[in-house]
Amino acid sequence: MKLTLPDKSFRELPEGSSGYDLAREIGPGLAKSAVAICINGTQQDLHDVIDGDASVSIITIDSDDGIEIMRHTLTAQVLARAIKNLYPDSKLAIGPTIEDGFYYDVESREVISSDDLTRIEDEMRRIIKTKSSITKKLVSKSEALKIFKLKKEPYKEIIINESDQTDDFQLYYQDDEKFVDLCRGPHLPNLSFVGAFKLTKVSGAYWKGDSNNSMLTRIYGTAFKNDKDLQNYLDNLEEALKRDHRKLGKEMDLFHFQDEAPGMVFWHPNGWTIYRNLRNFIRNKIQFNGYIEVNTPQVIDRKLWEASGHWDKYRENMFITEIDEKHANEKRVNALKPMNCPGHVQIYNQGIKSYKDLPLKYAEFGLCHRYEPSGTMHGLMRVRAFTQDDGHIFCTDDQIESETKLFIDLLSDIYSDLGFKDFDIKLSTRPEMRVGSDETWDKAEEALEAAIKKLGYPYRIDKGDGAFYGPKLDFVLTDAIGREWQCGTFQLDFNLAERLDAQYIGEDGKKHYPVMIHRAVLGSFERFIGILIENYAGKLPFWLAPQQVVIASIISDVDDYSIEILEELKKEGIRAETDLRNEKISYKVREHSSKKVPIILAIGKNEKSNKTVSMRKIGSTDNNVLDLKDAIKIIKKENINFKNAN
RNA sequence: GCUCAUAUAGCUCAGCGGUAGAGCACUUGCUUGGUAAGUAAGAGGUCACCGGUUCAAGUCCGGUUAUGAGCUCCA
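Residues numbered from 1 in each chain as written. Chains lettered and ligands numbered in written order. Predicted model: local features only at pLDDT ≥ 70, side-chain atom pairs only at ≥ 80, totals over all residues. Heavy atoms only, no water.

1. Looking at the overall build of chain A
Alright, step 1. Scanning chain A from terminus to terminus reveals 21 helices and 34 strands.
Alright, step 2. Out of the 646 residues in chain A, the part that is buried amounts to 50%.
Alright, step 3. When contacts within chain A are restricted to residue pairs at least 6 apart in sequence, long-range pairs at least 24 apart make up 67% of them.
Alright, step 4. With 91 positive and 104 negative side-chain charges, chain A shows a spacing of 3 Å between the two charge centroids. (Helix = DSSP H or I, 4+ residues; strand = E, 2+ residues; numbered from the N terminus. Buried < 20%, exposed > 50% of the residue type's maximum accessible area, 1.4 Å probe, protein only. Contact = heavy atoms within 4.5 Å. Lys, Arg positive; Asp, Glu negative; His and termini not counted. Charge placed at Lys NZ, Arg CZ, Asp CG, Glu CD.)

So, in structure tokens, the structure goes:
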């Protein structure tokens, strides 16, 4: 048979040859590092017989695919076996690879906690030491069922039963045949290819990811070619931990949380400075883009939420309030607003609107409360009270496309100013829980897709992920360490205006319902500030930094000059402070550097007598001695973004 | 909401049945020192909350609350 290699060259091999035979034919080095073969684009075991002419490539242990196969073998053959050895009553569910690692889900009567991981790792090492070869058997559906029934593995039975495959179920065995796992394969030919690994954590996970199903124990691990790669990976994890906004928030004294208000931020002066700067920045951007800022009540009668549809479709997420005092004769039930939209419609509804008023864009930095499930809160990233950079565009069908473009332009501009160059767009369609007729949804989805298509932005579709009132575009940005964050949103709504009776008089003199577009660029200030902190590892752009300059004296003789510099900077609107404490300059530099103050001006005898400063910027150990006037010019220039925003 | 873990000084953590500890931070003294920790002393805790076991409970057990890692959610 004729085999085509990746470099387009050919090899002629006798019928019945395997990937291993091919590798050996090409060279002993390749045969030694080969772990699997890719035949016509499908990965298969190295010892599978190649079925006639094909284009093939050998997968070596050094390649990304090879590492992935190694991780797969490690979880399905080694981890699973170790668990069965240590917890014979446990039931195996599934064990896939994930980015940078793998996990195995098992049902176990005994609690497996992170303290047990070392024990499981030891058992895994013992298994690996046997260097067993791994062999495959193909069996029929009924035989596969029989085997796993005997082994008392109910989850495997379910997997087999639910498969539409009738034959060729792949069973993988090690040398002594005591352990068997059902698997899609391919696997390493033997365990000597296993490199460096580590079990990382234990947690619960629902069977098939459905919260109605039973909770299994999930054991996570990671594996690499060698110890060096593994260590490198673990170091990177530690690096990510260092920029955790919860840790930096404490170090930089930005905010805190406490038991009495879970999921709600106590902003400290430093954190609130960042918040205010970001809000001013957005406020100016949107004013420039035709939005009018409004403000609506926090607590609103349930009647309005019933009319808007929130009471029916969103109540699980709402904080409901009642007045509890005996003397109160109001017995109404209120809800804290989870969204600003119904409030904005109330403003729209004051007075009669004409088509000439459209598009009408209301913006609100509205504080919304949502009752998020207890287990989902996470620092600033997922909270129960947050402020959106919210806005609602009331427009006609014809204006949807131009409004979509205007919004995406605004969003790119803002993201780019904040240091995020790239974002992806997701189009989310009708969810199961929704208001409005299917015809309305057809119309809305078509209009939104037509707009984004016409504008030529690449997008992907996320089926069923729309808001309950309409389809949406979500904007996902990538941060400095490659993580993705869904921030901006643009939601088309053909329902709410009608439900809340918002109308306009058209050119035809008749009443029409406007389209409502719910939109936000940052999403929530809380979350976005969390993202900014992590993206910049706390070293925020100068215009956002809570404290921009510290003037640190070296000896007390220069206190007066330091104060003079402070006054100069304050005149320029710079957030500066002096540090005149009786401490060494290195102590002061260390302290303000760890608080991520962008600029430290060290002031000693020389600076005072020459009217200069010694400037040190965060992230650098250079010290530039500059004339005070020049230094102030440079600092003003650093602030330019902020000035532009005003 | 679910699984597991955690909760001790302002912060980071040790202590795991017998009257509460360290480092840093804080206060005071000495020190005026040139770019990531000068030095000595002092002060600081209802060991998250409620209950139980015990002669005796940060310490063991149960519950509550919060937090963490995941899962499920995420407008």
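Moving on, there is more to tell.
2. Some points on the environment of K146
Alright, step 1. Tracing the chain through its elements places K146 in helix 5 (residues 141-150).
Alright, step 2. Classification of K146 by relative accessible area gives exposed; the value is 62%.
Alright, step 3. Between the C-alpha atoms of K146 and F423, which are 277 residues apart in sequence, the distance is 51 Å.

3. Considerations on the sheet that holds strand 9 (residues 135-139)
Alright, step 1. Ordered in space as 9-10-11, the 3 strands form an open sheet in which the pairing is antiparallel. Edge positions in the sheet fall to strand 9 and strand 11 (180-182), since each has one partner strand and no second. The sheet shows a mean angle of 30° between the axes of neighbouring strands, taken without regard to direction.
Alright, step 2. Looking at chain direction, strand 10 (residues 169-173) and strand 11 are connected through 3 bridges and run antiparallel. Across the sheet, the residue bridging to Y172 is D181, located in strand 11. (Pairing = 2+ DSSP bridges. Axes fitted to C-alpha atoms, helices over the stretch in contact; angles between N-to-C directions.)

4. Section: the sheet that holds strand 31 (residues 576-579)
Alright, step 1. Pairing in this open sheet of 5 strands is mixed, and the strands run 31-30-32-33-34 from one edge to the other. Strands at the two margins of the open sheet, each flanked by one partner only, are strand 31 and strand 34 (624-627). Strand after strand, the sheet turns through a mean of 30° between neighbouring axes, direction not considered.
Alright, step 2. Contacting strand 30 (549-553), strand 31, strand 32 (599-603) and strand 33 (612-617), helix 18 (residues 585-594) runs over the sheet at an angle of about 165° to strand 30.

5. Some thoughts on the protein's contact with RNA strand B
Alright, step 1. Residues in contact with RNA strand B amount to 54 residues; listed here are only the nearest, Y314, R370, I554, N582 and S614.
Alright, step 2. Close to the protein, within 4 Å, the atoms of RNA strand B belong to sugar or phosphate groups at a rate of 50%.
Alright, step 3. The separation between a base nitrogen of RNA strand B and a polar side-chain atom of Y314 is 2.8 Å.
Alright, step 4. Within the side chain of R616, a nitrogen or oxygen atom sits 2.5 Å from a sugar or linking oxygen of RNA strand B.
Alright, step 5. Residue assignment for the surface near RNA strand B shows that the elements contributing at least two residues are strand 12 (196-206), strand 13 (215-224), helix 8 (245-251), helix 18, helix 19 (605-610) and strand 33.
Alright, step 6. Per-element accounting of the surface near RNA strand B gives the leading share, 6 residues, to helix 18. (Near = heavy atom within 4 Å. Polar contact = N/O pair within 3.5 Å; in protein donor to acceptor, adjacent residues only side chain to side chain.)

6. Some details on the pairing of strand 4 (residues 42-45)
Alright, step 1. Across 4 bridges, the pairing between strand 3 (residues 34-39) and strand 4 is antiparallel. Pairing of I37 across the sheet is with Q44, part of strand 4.

7. Section: the domain arrangement of chain A
Alright, step 1. Splitting chain A by domain gives domain 1 (2-60), domain 2 (65-237), domain 3 (266-535) and domain 4 (549-645).
Alright, step 2. The C-alpha centroid of domain 3 is placed 44 Å from the C-alpha centroid of domain 2. (Domains from an automatic or database assignment.)

8. Notes on the state of the cysteines
Alright, step 1. The tally for this structure, following the rule as stated, stands at 0 disulfides.
Alright, step 2. Looking at the unpaired C341, the closest cysteine sulfur is the one in C368, lying at 8.3 Å. (Disulfide = S-S within 2.5 Å.)

9. Describing the nonpolar core
Nonpolar side chains tend to gather and get buried jointly when the protein is soluble and globular.
Alright, step 1. The biggest cluster of nonpolar side chains holds 59 residues, and the ones touching the most others in it are L278, Y415, L418, F475 and F528.
Alright, step 2. Here this core takes 7 residues from helix 13 (residues 400-417), the largest share from any one element.
Alright, step 3. By size, the runner-up hydrophobic cluster in this structure holds 36 residues, among which are Y87, Y104, I112 and I219. (Core = buried A, V, L, I, M, F, W, Y, C linked by side-chain atoms within 4.5 Å.)

10. Regarding the pattern of salt bridges
Alright, step 1. Using the criterion set out here, one finds 44 salt bridges in the structure.
Alright, step 2. Here R332 and D301 are joined by a salt bridge, their closest N and O atoms 3.3 Å apart. Taken together, the residues R332 in the loop between strand 18 (320-322) and strand 19 (333-336) and D301 in strand 17 (residues 299-301) connect sequence positions 31 residues apart.
Alright, step 3. Under the relative-accessibility criterion, D301 is labelled buried at 13%.
Alright, step 4. Note that K588 is salt-bridged to D579, the shortest N-O span being 4.0 Å.
Alright, step 5. Counted as one network, the salt bridges with shared partners bring together R430, R434, D438, D442 and E445. (Salt bridge = Lys/Arg side-chain N within 4 Å of Asp/Glu carboxyl O.)

11. A few points about the packing of aromatic side chains
Alright, step 1. Counting across every chain of the model gives 22 aromatic pairs.
Alright, step 2. A centroid spacing of 4.8 Å and a plane angle of 65° characterise the contact between Y155 and W207, whose relative ring orientation is edge-to-face. Residue Y155 is located in helix 6 (residues 154-162), and its partner W207 is located in the loop between strand 12 and strand 13; the two are separated by 52 residues in the primary sequence. The exposure classification of Y155 matches that of W207, with both residues buried.
Alright, step 3. Seen from their ring centres, F224 and Y233 are 5.1 Å apart, and the 40° between their planes marks the pair as tilted. Here the two residues F224 and Y233 agree in accessibility, since each one is buried.
Alright, step 4. Cluster of aromatic residues (ring-pair linked, three or more members): F255, F257, W267, W272, Y275, F365 and F525. (Phe/Tyr/Trp six-rings, centres within 6.5 Å; stacked < 30°, edge-to-face > 60°.)

12. Observations regarding unusual backbone geometry
Alright, step 1. Here the amide bond leading from L358 into P359 is cis, since omega sits at -5°, within 30 degrees of zero.
Alright, step 2. Here P359 shows up in the loop between helix 12 (341-348) and strand 20 (360-364).
Alright, step 3. The phi torsion at K208 lies on the positive side, around 60°, for a residue other than glycine.
Alright, step 4. Summarising the element assignment, K208 is placed in the loop between strand 12 and strand 13.
Alright, step 5. Judged by relative accessible area, which is 51%, K208 ranks as exposed.

13. Section: the packing of helix 9 (residues 269-288) against helix 16 (residues 525-535)
Alright, step 1. Helix 16 packs onto helix 9 with a crossing angle of 110° between their chain directions and a minimal axis gap of 11 Å. By the angle class used here, helix 9 and helix 16 are roughly perpendicular. Here I274, Y275, L278, R279 and I282 of helix 9 come into contact with helix 16, specifically with F525, E526, F528, I529 and L532.
Alright, step 2. Here the contact of helix 9 with helix 16 is composed, by residue class, of 8 nonpolar, no polar and 2 charged. (Parallel < 35°, antiparallel > 145°, perpendicular 65-115°, else oblique. Nonpolar A, V, L, I, M, F, W, Y, C, P; charged D, E, K, R; others polar.)

14. Focus on the environment of G101
Alright, step 1. Tracing the chain through its elements places G101 in strand 8 (residues 101-107).
Alright, step 2. According to the relative accessible area criterion, G101 is buried, its value standing at 1%.
Alright, step 3. The residues touching G101, leaving out its near neighbours within four places in the chain, are R71, G221 and T222.

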